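Examining the three-dimensional arrangement
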Amino acid sequence: NYALLVVWGFLMVFTSYMLLADPNRIGCSFRLNCGTASVIESLGYKKPTWSIEAYNSHLGHNIIPLASRYKLWGYCIGNMAAANLWQLFVVNGPVRNMLRRKRPLERLRVKM
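Residues numbered from 1 in each chain as written. Predicted model: local features only at pLDDT ≥ 70, side-chain atom pairs only at ≥ 80, totals over all residues. Heavy atoms only, no water.

Time to look at the packing of helix α4 (residues 66–91) against helix α5 (residues 94–102). One way to put it is that α4 packs onto α5 with a least axis distance of 4 Å and a crossing angle of 30°. The angle between α4 and α5 falls in the class roughly parallel. Between α4, through Leu 88, Phe 89, Val 90 and Val 91, and α5, the contact on the second element is made entirely by Pro 94, Val 95 and Arg 96. Residue composition of the contact of α4 with α5, grouped by class: six nonpolar, no polar and one charged. (Axes fitted to C-alpha atoms, helices over the stretch in contact; angles between N-to-C directions. Helix = DSSP H or I, 4+ residues; strand = E, 2+ residues; numbered from the N terminus. Parallel < 35°, antiparallel > 145°, perpendicular 65-115°, else oblique. Contact = heavy atoms within 4.5 Å. Nonpolar A, V, L, I, M, F, W, Y, C, P; charged D, E, K, R; others polar.)

Next up on the list: the nonpolar core. Cys 28, Cys 34, Ile 40, Trp 50, Tyr 55 and Ile 63 together form the largest nonpolar core, which totals six residues. The residues contacting Trp 50, other than those within four sequence positions of it, are Pro 23, Asn 24, Arg 25 and Cys 28. (Core = buried A, V, L, I, M, F, W, Y, C linked by side-chain atoms within 4.5 Å. Buried < 20%, exposed > 50% of the residue type's maximum accessible area, 1.4 Å probe, protein only.)

There is a patch of nonpolar side chains on the surface, built from Tyr 2, Leu 5 and Trp 8 and spanning about 400 Å² of accessible area. The residue Leu 5 is located in helix α1 (residues 2–20) in this model. (Patch = residues over 30% accessible without salt bridge, like charges linked within 9 Å, V, L, I, M, F, W, Y side chains within 5 Å. Areas by Shrake-Rupley, 256 points an atom, 1.4 Å probe, with all protein chains shown as cover. Salt bridge = Lys/Arg side-chain N within 4 Å of Asp/Glu carboxyl O.)

What follows deals with unusual backbone geometry. The backbone of Arg 31 shows a phi angle near 55°, a positive value even though the residue is not glycine. Mapped onto the secondary structure, Arg 31 falls in the loop between α2 (25–29) and α3 (37–42). Judged by relative accessible area, which is 37%, Arg 31 ranks as partly exposed. The backbone of Asn 33 sits at a positive phi, close to 60°, despite the residue not being glycine. Tracing the backbone through its elements, the reader meets Asn 33 in the loop between α2 and α3.

Here we come to the pattern of salt bridges. Across all of its chains, the model carries one salt bridge by this definition. In this structure, the salt-bridge partner of Arg 69 is Asp 22, at a minimum N-O distance of 3.4 Å. Placement of the pair is Arg 69 in helix α4 and Asp 22 in the loop between α1 and α2, with a sequence separation of 47 residues. We classify Arg 69 as buried; its relative accessible area is 1%. With a relative accessible area of 42%, Asp 22 lands in the partly exposed category.

This is the structure in structure tokens:
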């Protein structure tokens, strides 16, 4: 379980960085919060040192405003929290125990 927690933690940090950081190589490889080099530079960000294919958009970018990035990040964290609470209370917790008591599995009894 600890290995899974490490992987989960890495993915949360990775996703947070992709969403919250200014245009960077990682976000551009996922085509998130990025754009063509000339448009990125015209918006006030540093000119990228990596090659970016032209965006098929009339804006030439999909850079998300900072306030919207934080809202989107909040939705991601809320989704993660809801999934963890569902797992904690329904899949492994009191709801599971209650349903096991109400509707136990009927298994064949094997005589030895």
